[in-house]
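Observations on the three-dimensional arrangement
What follows is the residue order along each chain.
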Amino acid sequence: MTSDPAFKSEFLRLMQTRGYIHQITHSAELDAACQAGPIVAYIGFDATASSLHVGHMIQIMMLRRLQQAGHKPVVLMGGGTTKVGDPTDKDSQRPLLTDAQIQANIDSIQAVFRRFLTFGDGPNDAVMVNNAEWLDRFGYVQFLRDYGVHFTINRMLSFDSVKNRLDREQPMTFLEFNYMLMQSVDFLELERRYGCVLQMGGSDQWGNIVNGVELIRRVDQKPAFGLTTPLLSTASGQKMGKSVGGAVWLNADMRSPYDYWQFWRNTEDADVGRFMRLFTDLSLEEIARLEALEGAQINEAKKVLANAATTLLHGEEAAKAAEAAAVAAFEQGQLSGDLPSFEIPRADLEAGVVLAALATDAGLAASRGEARRLAQGGGLRVNDKAETDANRTLDASDLVDGVVKLAAGKKKIVLVRPV
RNA sequence: GGGGGAAUGUCCCGAGUGGCAAAGGGGGCGGACUGUAAAUCCGCUGGCGUACGCCUUCGUAGGUUCGAGUCCUACUUCCCCCA
């Protein structure tokens, strides 16, 4: 069940050496299947927000590796499962999304996959499916009779997603309780439609994945496998994926390429090698060389990481622009047009704007009070000068080269442009 | 069906005697130190106002009181014991 170090297939060897594997079911059997020919594997993504975030990157990269190794990736959009809501890692039930919201989220999420996978009709081209296609069609009694019989309450209660909720004395609705059945049925459905034999996912999905594997083996007597990735945390133990300014979204309109580049640039020293293996296509030799850099030199490796990761998601041009902006801002103390900017009507600025209000509107603080506290703590800067009085009024005389440079902390910088 | 407990700062955990914007953690954000790192140390952490201040918060809805997270009533949800 855990990984066998001596994989023979290219795909599993690749996964192993680059650090994607946490647990595998039937690893020898899966290894043999991967060697025998192209396999079909899938990962499901729920549509709870209008963009995926870096936390999903490891899954996306796994599908990419799969395709690189000659296999066929299936991207499963959880149009149906999102209506129920995955209780895994949730302390309490979340508000249910409407069908319209879910569809809007799916529409907005989809595009990023095209940057990482090649879609089409060929044997190892990726395909995207929405599980609403089949889940929406089930009648209640039919669902219970076809699938409900294969699951025992005894076992379902033993899964972490359920147990945690019960341990915390939080209610778990019957609706949520059914999530794992739906995910299992997804796997079965994909096995029947595409001959999909492998489901991958985060380590928190182990229980859900194993259920699907067992369902297929029981109902169709077909091979089925599961593979999970390690829970990604930074070397100092933080959950990966957050950074200055909240969730790191993949969609450019929710998180600029500049910010995305910054996220990778700010990787901890100890994580550089691991992240390069997981999140870039750099060769292992190149990575070995880069991660061996010591002291301040490792910053060069971080730039390579940031460039590679940003290029994959946003393209080379955006990555270069982000790097140039960062070099200018941090290494030369200059402005760059590529820094995030905030537009303000010229007349308003000429009339005078209270700093606290401007900083809040520009997204540097959540409220004026917060902006004020930030200023008092010495964290708010106007044109690189710390400004402790947030009640100060800014006007046209504060323009430098046509913009006002506002910064909260060292890393959150916004250029205020009069329009 | 009966009895006993629990729900707290809208991120989490968690103190709380009728005077509370509410102890303490964690997390988050800022500062110092560095290398746009880690570790460490320091500060901040409900909203609005320049300020004495005003407003909104302790499961929900009422009530008692000058004053309620704290007392009473009903309701909701969860836990435990008895049947």
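This text follows the structure it describes.
Residues numbered from 1 in each chain as written. Chains lettered and ligands numbered in written order. Predicted model: local features only at pLDDT ≥ 70, side-chain atom pairs only at ≥ 80, totals over all residues. Heavy atoms only, no water.

Within the largest apolar cluster, 72 residues are counted, with the highest numbers of intra-cluster contacts made by Phe113, Leu198, Met200 and Trp264. Counting residues per element, this core draws most heavily on helix 16 (residues 298-314), which supplies 8 residues. When neighbours within four sequence positions are excluded, Met200 is seen to be in contact with Phe11, Met15, Ala41, Tyr42, Ile43, Met62, Leu63, Ile209 and Leu227. With 31 residues, the next largest nonpolar core counts Val40, Val127, Val162 and Leu190 among its residues. (Core = buried A, V, L, I, M, F, W, Y, C linked by side-chain atoms within 4.5 Å. Buried < 20%, exposed > 50% of the residue type's maximum accessible area, 1.4 Å probe, protein only. Helix = DSSP H or I, 4+ residues; strand = E, 2+ residues; numbered from the N terminus. Contact = heavy atoms within 4.5 Å.)

This paragraph deals with the packing of aromatic side chains. Applying the stated criterion across every chain, the model contains 10 aromatic pairs. Their ring planes at 70° and their centres at 5.3 Å tell us that Phe138 and Phe143 sit as a pair that is edge-to-face. Judged by its relative accessible area of 10%, Phe143 falls in the buried class. When the ring centre of Phe119 is taken as origin, the NZ or CZ atom of Arg114, which lies over that ring, is 4.8 Å away. The ring of Phe225 carries Arg217 above its face, with NZ or CZ at 5.4 Å from the centroid. (Phe/Tyr/Trp six-rings, centres within 6.5 Å; stacked < 30°, edge-to-face > 60°. Lys NZ or Arg CZ within 6 Å of the ring centre and 35° of its normal.)

Attention now goes to the protein's contact with RNA strand B. In the neighbourhood of RNA strand B, 36 residues make up the surrounding shell, with Arg265, Asn266, Asp269, Arg373 and Lys411 lying closest. A share of 76% is what sugar and phosphate atoms reach among the atoms of RNA strand B within 4 Å of the protein. In the model, a phosphate oxygen of RNA strand B is placed 2.9 Å from a nitrogen or oxygen of the Ser367 side chain. Measuring from a phosphate oxygen of RNA strand B, one finds a side-chain N or O atom of Arg368 at 2.9 Å. For the surface near RNA strand B, the secondary structure elements donating two or more residues are helix 13 (257-265), helix 16, helix 17 (316-331) and helix 20 (368-376). Looking at which element gives the most residues to the surface near RNA strand B, the answer is helix 20, with 5 residues. Grouping the constituent residues of the surface near RNA strand B by class yields 8 nonpolar, 15 polar and 13 charged. (Near = heavy atom within 4 Å. Polar contact = N/O pair within 3.5 Å; in protein donor to acceptor, adjacent residues only side chain to side chain. Nonpolar A, V, L, I, M, F, W, Y, C, P; charged D, E, K, R; others polar.)

What follows deals with the packing of helix 13 against helix 16. Each pair of packed helices can be described by the angle between their axes along with the distance between the axes. Running from N to C, helix 13 and helix 16 point in directions that differ by 140°, and their axes come no closer than 8 Å. One way to sum up the angle between helix 13 and helix 16 is to call them oblique. As for the relative orientation of helix 13 and helix 16, their crossing is right-handed in sense. For the pair helix 13 and helix 16, the contacting residues are Pro257, Tyr260, Trp261, Trp264 and Arg265 in the first and Asn299, Lys302, Lys303, Leu305, Ala306, Asn307, Ala309, Thr310, Leu313 and His314 in the second. Its residues assigned to classes, the contact of helix 13 with helix 16 comprises 8 nonpolar, 4 polar and 3 charged. (Axes fitted to C-alpha atoms, helices over the stretch in contact; angles between N-to-C directions. Parallel < 35°, antiparallel > 145°, perpendicular 65-115°, else oblique. Left-handed = near helix turned anticlockwise from the far one by under 90°.)

Read these as spatial facts, not as claims about activity.
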